[in-house]
Amino acid sequence: MATTKTKPEAKLGEDLGLSRDDLLEMYRLMVVARAVDERMWVLNRAGKIPFVISGQGHEGAQVGLAFALRQGHDWMVPYYRSVASLLAFGMSSREIMLAQFARGVDPSSGGRQMPGHYGIKERNILSVSSPVATQVLHATGIAWAAKLRKTEQVTITYLGEGSSNQGDFHEALNFAGVHQLPVIYVVENNGYAISVPMSLQSAVEDIAIRGAGYNMPGVIVDGVDVLNCYAAGKEAIERARSGNGPTLIEAKVTRLTAHSSDDQQSKYRPAEELEAEKGRDPLPRFRDQLREAGMLDDEAEAQMTAESRKVVEDATDWAESQPDPDPVTAQQHVYADSPPARMDDPLWQGTRFIGDGGPFGVLGEEG
Amino acid sequence: MAVMTLIESVRDTLAQEMRRDAQIVVLGEDVGKKGGVFLATDGLYDEFGGDRVLDTPLSESMIVGVSIGAAIAGLRPVPEIQFADFIFPAMNQILSEAARMRFRSNGAFACPMTLRAPYGGGVHGALYHSQSVEAFFAHIPGLKVVIPSTPYDARGLLRSAIRDDDPVLFFEHKKMYRSVRGDVPEGDYTIPLGQAKVTREGTDVTLIAYGLMAQYALEAADLLGGEGVSAEVIDVRTLRPLDGETLLGSVRKTGKAVIVYEDNRFGGYGAEIAAILAEEAFEDLDGPIVRVTGPDVPGVPYNHVLEDWYMPNPDRIANAVRRLAAY
């Protein structure tokens, strides 16, 4: 190896209490998240999954902000770009891939939801829906319950800057501010709400200043700077855990892909901008930091790349090989108790003539 | 056995349930020290404190959205929307989130909460304090919808709603809060959700209603009784899940059905009942299915003359039954 192992003056991450292993784990999570994410788009182009929505460019902020959470204790209320956040909170690549293929054993929804709508009860990861910012209130409710029940659980939730214009965002922050709840609101600001730029989305340049209106710190972090994100996340987590209230964090990130697989971002973003934004990719930045600190060399990097490839191959092949859900499962879990009458009315299938009798048992004696 | 008004029954039942289960929390606008604008939560703040009886900001979406999160984290919220007319800012949370949480997570997450709201006209509430909103919610799989018409039912149904593991909308008719009194036994009885009740037996026509209209239907049946028309009255009580068997059993016996609801006629909840009767009991019917409803104007007007014009009443119901009985 050609690397000269010059000893760094101050060890990277030392001031934050992060060991070399911690830093490499953070980088590994980012590498795996990117590899899983890229595979989704390949699968989409190959015609294997009809839809992709993901988070390339957001990984630095996502891993940094989530790394100090307590897995299995704290709550994560994600959104559809949270691939790296979820991996950092313990969700596996296989579980992520099951959601892409919408297989029957998909723990997020059993194949009911579009890809990107994750959620695993056992990991305290709340189910994602498609209406934006609704989850911000759910996170607030979870945090309110945690405060009342004195569980010392911290809830972190994520949304895009576009969603921060929804009323639910403001109603949530207001309630959390009134009650100083143990919750962290992360706005991942990639500059675009699908195609609408910040200048048309928001009257203020920085979403973080909205925190002031709700009596909570509003912190801006550069999503390219993973350790800066970690520091902000750690501080917010400690603030919440110690009963000192909520934090609004705005992570300035870049969206390296289109909004989703149904979007063509070259239509509304200039080519020069797209080219320049590649320089805001958090992966090479963190990689360079680790290399400069002597924590990552060619060999280790090659090994990590090979391992992440293996993880993605395994997750993809395994998830793809799982069976589709049985159609009869589609009427399950509407209610906790038995489905109400008419749930399986054969009228829907055209197999019963009106007047034949039916789900209410009218067919009865003379039928 | 105590005699109570409908609102006393609601209030007393809330207090009993909160004593039984420490995870139950009440939240809404003015529900705390004031005890609610109708006093449905009066006294709860003093007994259970501000943590469990919470005055919220004026944010309906927040009230419901926070309740969803709290329910997921193990509490059993009983949010109040001050008037059913003001529930619409929370529609997205109710329809997209609470109703769909269990289904979309393949049974992993649930929203056990009872959303209470006063509804209905006849109280000089005009367009925005009189609405009947049940049809919007009864339409959505994943939600349960309950409307009691007696203090006895209010207690038994509210207990079932609070103990239910799914989101329940519990609508209380404002005009009945203090005008309806009845016996309410001491014991811990419940009325299962999904059971209609035959409140008066009859042979000629089946009258189907809920809420204030269930009371009016009984009054109409009394009027008709003196004329030799025998009306059977059914109080639906739970709009979803609907007790189809009881409705169909009665209609098969009488062959005639009048459905009464206070909401606008077009697309109202009773239209679904009419469709079910037509689909399932076509050959048992001796006449057209008839609806007595509010008119299709965008609200109950304020002036008493206009309001009276809007509201279905026992006379109108009796007229419809008379015509159908003679068909």
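Residues numbered from 1 in each chain as written. Chains lettered and ligands numbered in written order. Predicted model: local features only at pLDDT ≥ 70, side-chain atom pairs only at ≥ 80, totals over all residues.

Q: Describe the interface of chain A and chain B, listing the residues and the values that go with them.
A: Facing 43 residues of chain A, the contacting portion of chain B comprises 44 residues. Ranked by the residues each element gives to the side of chain A that touches chain B, the list is headed by helix α5 (residues 134-149) of chain A, at twelve residues. Across the side of chain A that touches chain B, the residue classes tally to 20 nonpolar, 18 polar and five charged. (Contact = placed C-beta atoms within 7 Å. Helix = DSSP H or I, 4+ residues; strand = E, 2+ residues; numbered from the N terminus. Nonpolar A, V, L, I, M, F, W, Y, C, P; charged D, E, K, R; others polar.)

Q: So what about the confidence of the model for chain A? Which residues, and what values?
A: Residues of chain A with pLDDT of at least 70 account for 90%, and the chain-wide mean is 93. Within the model, the stretch residues 361-367 of chain A combines pLDDT values under 50 with ten contacts to residues more than four positions away or in other chains. (pLDDT = per-residue confidence, 0-100.)

Q: So what's going on with the domain arrangement of chain B? Which residues, and what values?
A: Residue and element names in this part refer to chain B. You can read the domains of chain B as domain 1 (2-184) and domain 2 (197-325). A C-alpha centroid distance of 26 Å is found between domain 1 and domain 2. Facing 25 residues of domain 1, the contacting portion of domain 2 comprises 24 residues. Secondary-structure elements contributing two or more residues to the side of domain 1 that touches domain 2 are α6 (134-138), β6 (144-146) and α7 (151-163). Residue composition of the side of domain 1 that touches domain 2, by class: twelve nonpolar, nine polar and four charged. (Domains from an automatic or database assignment.)

Q: Lay out the nonpolar core with the relevant residues and their values.
A: In this structure, L207, A217, V258, V260, I317 and V321 of chain B are the most contacted members of the largest nonpolar core, which totals 199 residues. Among the elements that make up this core, the one with the highest residue count is helix α1 (residues 20-45) of chain A (eleven residues). (Core = buried A, V, L, I, M, F, W, Y, C linked by C-beta atoms within 7 Å. Buried ≥ 20, exposed ≤ 12 C-beta atoms within 10 Å, placed from the backbone.)

Q: Outline the environment of R94 of chain A, supporting the account with residue identities and numerical values.
A: Residue and element names in this part refer to chain A. Looking at where R94 falls in the secondary structure, it is placed in helix α4 (residues 93-101). Residue classification places R94 among the partly exposed positions, given that 18 C-beta atoms sit within 10 Å. Ignoring sequence-local partners within four residues, the contact set of R94 consists of A315, W318 and A319.

Q: For unusual backbone geometry, give the residues involved together with the corresponding values.
A: Trans is the common state for peptide bonds, and a negative phi is the common state for residues other than glycine. Residue and element names in this part refer to chain B. With omega at 0°, the peptide bond leading from R240 into P241 counts as cis. With respect to the element layout, P241 can be found in the loop between β12 (238-240) and α9 (244-254). At N106, a residue that is not glycine, the phi angle is positive and equals roughly 55°. Mapped onto the elements, N106 comes out in the loop between α5 (101-104) and β5 (114-119). The exposure class of N106 is buried, given the 24 C-beta atoms found within 10 Å.

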